[in-house]
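Residues per chain, in single letters:
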Amino acid sequence: MIQTQTSAMLLGALVADAESLGLHWLYDPDRIAKIAAERGGTAVFAPVDAAFFNNVKGYFAHGTRHAGMLTQYGETLYLAMRCMIDRGGAFDAAAQRTAFAAHFGPGGAFKGYIDRPTRGALERIAADQAPTGIDDDQNPALSRLPAIVAAYHDAPDLADHALAAMQITNVNDIATGYTAVFSNLLCRVLNGTPVSDALVAAADGTTGDIQTALRDALTTSEGDTTDYAGQVGRACHLPTSGPVMFHILRHATSYADAVERNILAGGDSAGRSLMIGAAMGAEHGIATPKGIPLDWVLALTDGAAIWGACRALGRD
């Protein structure tokens, strides 16, 4: 399969997001493990079934979607990619806001769950307020980042574009800090640094509570991500999801292992999936022994169009 590291990074993010849809926001790891066992030992591409959430902690959000589709996180990234492709690969914040409101707003093509940052941004866009993002430290802050890194990883204005993309939905210091961390991480991997080394460098490149949490994720003696997530949290907020993402990337032996670890950890698996899938896709590629399995790519709804967009923005 023809590919660049950049196109594999983008596809890795979107495949990982789609794979988490069926068990997204299920907070009971025992229930997830049981479902995986009943499906032959895999949690990926589980069907969208409200019964999975009966009598356990969780929130069934995706009843309008089906296995193979993207969550709202993946839809945000895919929309950002298409908007950039329409502009020759350039990020235009005004165009992105317009496209975002048209896609996720009333009458838009997206039929599914609208999270808090998306809802807040839609309200502010409609009121012509700037910035359009709200004060929120959750995972939607990172949703557009793989597209920004794909286009600008060697450009001096990468940080400016990453911040502008984040602020469409999130204006928050913690979100800004984690945007810088994962931008650093993905750029290093695209430039040939192994994920294991890029994680250390990205943690060392930040400060304060974020640095402490990420270093703990990399050095803890707890090797089981599900148990580690139980210690630090499984929810959508970056102070919990960021360390869990680092832990998964630290211990995963392949793209498939990383994705399975993420879903089995429970909670906001879709929110974590984009950074995990992007990093592992960039390092291991597509249809390689440790890369994105080809049958997983083929399981995507609209997979041909998604792969075409990854190649177009990835400059294959």
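To keep things clear, this report deals only with the structure shown in the data block.

Scoring rules and cut-offs
- Residues numbered from 1 in each chain as written.
- Predicted model: local features only at pLDDT ≥ 70, side-chain atom pairs only at ≥ 80, totals over all residues.
- Heavy atoms only, no water.
- Helix = DSSP H or I, 4+ residues; strand = E, 2+ residues; numbered from the N terminus.
- Rg over C-alpha atoms; globule rule 2.2 N^0.38 Å.
- Areas by Shrake-Rupley, 256 points an atom, 1.4 Å probe, with all protein chains shown as cover.
- Lys, Arg positive; Asp, Glu negative; His and termini not counted.
- Charge placed at Lys NZ, Arg CZ, Asp CG, Glu CD.
- Axes fitted to C-alpha atoms, helices over the stretch in contact; angles between N-to-C directions.
- Parallel < 35°, antiparallel > 145°, perpendicular 65-115°, else oblique.
- Contact = heavy atoms within 4.5 Å.
- Nonpolar A, V, L, I, M, F, W, Y, C, P; charged D, E, K, R; others polar.
- Polar contact = N/O pair within 3.5 Å; in protein donor to acceptor, adjacent residues only side chain to side chain.
- Phe/Tyr/Trp six-rings, centres within 6.5 Å; stacked < 30°, edge-to-face > 60°.
- Buried < 20%, exposed > 50% of the residue type's maximum accessible area, 1.4 Å probe, protein only.
- Expected span 1.5 Å × (residues − 1).
- Left-handed = near helix turned anticlockwise from the far one by under 90°.

## What to know about the overall build of the chain
Okay, so step 1: When helices and strands are tallied, the chain shows 16 helices and zero strands.
Okay, so step 2: For 316 residues, the compact-globule formula gives about 20 Å, and the C-alpha radius of gyration of the chain, at 18 Å, lands near that figure.
Okay, so step 3: Oriented by its inertia axes, the alpha-carbon framework of the chain measures out at about 45 × 40 × 40 Å.
Okay, so step 4: A total accessible area of about 11900 Å² is found for the chain, and carbon and sulfur atoms account for 51% of it.
Okay, so step 5: Averaging the locations of the 22 positively and 33 negatively charged side chains of the chain gives two centres separated by 3 Å.

## A short note on the packing of helix H1 (residues 5-20) against helix H6 (residues 145-152)
A pair of packed helices is characterised by two quantities: the angle between their axes and the separation of those axes.
Okay, so step 1: For the pair H1 and H6, interaxial distance at closest approach is 10 Å and the crossing angle is 175 degrees. By the angle between their directions, the pair H1 and H6 is classed as roughly antiparallel. The residues of H6 that touch H1, namely those facing Thr6, Met9, Leu10 and Ala13, are Pro146, Ala147, Val149 and Ala150.
Okay, so step 2: Of the residues belonging to the contact of H1 with H6, the class tally is seven nonpolar, one polar and no charged.

## A look at the side chain of asparagine 170
Okay, so step 1: Within the secondary structure, asparagine 170 is located in the loop between helix H7 (158-166) and helix H8 (173-190).
Okay, so step 2: Polar side-chain contacts of asparagine 170 include one of 3.3 Å to the backbone nitrogen of alanine 141.
Okay, so step 3: Discounting residues that sit within four places of it in the chain, asparagine 170 has contacts with Pro117, Gly133, Ile134, Asp136, Asp137, Gln138, Pro140, Ala141 and Ala175.

## Thoughts on the packing of aromatic side chains
Okay, so step 1: Following the criterion strictly, the structure yields nine aromatic pairs and no others.
Okay, so step 2: Arranged with centres 4.9 Å apart and planes meeting at 55 degrees, the rings of phenylalanine 104 and phenylalanine 110 form a pair that is tilted.
Okay, so step 3: By relative accessible area, phenylalanine 104 is classed as buried at 5%.
Okay, so step 4: With a centroid separation of 6.5 Å and 25 degrees between ring planes, the pair formed by tyrosine 178 and phenylalanine 182 is classed as stacked. Of the two residues, tyrosine 178 and phenylalanine 182 are both situated in helix H8; the distance of four residues between them amounts to about one turn of the helix.
Okay, so step 5: For tyrosine 178, a relative accessible area of 1% translates into the label buried.
Okay, so step 6: One aromatic cluster is present, built from ring pairs that chain together Trp25, Tyr59 and Tyr113.

## Describing helix H3 (residues 72-86)
Okay, so step 1: For H3, spanning 15 residues, the distance from its first C-alpha to its last is 21 Å, which sits close to the expected 21 Å at 1.5 Å a residue.
Okay, so step 2: With 12 of 15 residues buried, H3 lies mostly within the body of the structure.
Okay, so step 3: Those residues of H3 lying buried are Gln72, Tyr73, Gly74, Glu75, Thr76, Leu77, Tyr78, Leu79, Ala80, Met81, Cys83 and Met84.
Okay, so step 4: Between the side-chain oxygen of the N-cap and the backbone nitrogen of tyrosine 73 there are 3.1 Å, and the N-cap of H3 in question is threonine 71.
Okay, so step 5: Once H3 finishes, glycine 88 follows within two positions and takes phi at roughly 65 degrees, a positive value.

## Quick word on the packing of H8 against helix H14 (residues 269-284)
Okay, so step 1: Two numbers describe how H8 lies on H14: the axes approach to 9 Å, and their chain directions differ by 15 degrees. Compared by their axis directions, H8 and H14 come out roughly parallel. In this structure, H8 crosses over H14, and the sense of that crossing is left-handed. Of the residues in H14, those touching H8 at Phe182, Leu186, Val189 and Leu190 are Met275, Ala278, Ala279, Ala282 and Glu283.
Okay, so step 2: Its residues assigned to classes, the contact of H8 with H14 comprises eight nonpolar, no polar and one charged.

## Let's talk about the environment of alanine 202
Okay, so step 1: For alanine 202, the location among the structural elements is in helix H9 (residues 195-204).
Okay, so step 2: Overall, alanine 202 belongs to the buried group, its relative accessible area being 1%.
Okay, so step 3: Placed 12 residues apart in sequence, alanine 202 and leucine 214 show a C-alpha to C-alpha distance of 8.9 Å.
Okay, so step 4: Sequence-distant contacts of alanine 202, that is, excluding residues within four places in its chain, are made with Val181, Asn184, Leu185 and Phe246.

## Focus: helix H16 (residues 303-314)
Okay, so step 1: Helix length check: H16, at 12 residues, gives a terminal C-alpha distance of 16 Å against a target of 16 Å (1.5 Å per residue), a fit within 8%.
Okay, so step 2: Close packing links the buried residues of H16 with H1, H3 and H6.
Okay, so step 3: The positive-phi residue at the C-terminal boundary of H16 is arginine 315, with phi of around 60 degrees.

## Details of unusual backbone geometry
Okay, so step 1: With an omega dihedral of -10 degrees, the bond running from alanine 130 to proline 131 counts as a cis peptide bond.
Okay, so step 2: Among the secondary structure elements, proline 131 is positioned in the loop between helix H5 (116-126) and H6.
Okay, so step 3: A positive phi is found at asparagine 55, a non-glycine position, where the angle reads about 65 degrees.
Okay, so step 4: By the element assignment, asparagine 55 lies in the loop between helix H2 (29-38) and H3.
Okay, so step 5: We classify asparagine 55 as exposed; its relative accessible area is 82%.
Okay, so step 6: With a phi angle near 60 degrees, aspartate 128 is a residue other than glycine that sits in the positive phi range.
Okay, so step 7: Positionally, aspartate 128 belongs in the loop between H5 and H6.
Okay, so step 8: Residue aspartate 128 is classed as exposed on the basis of its relative accessible area, which comes to 71%.

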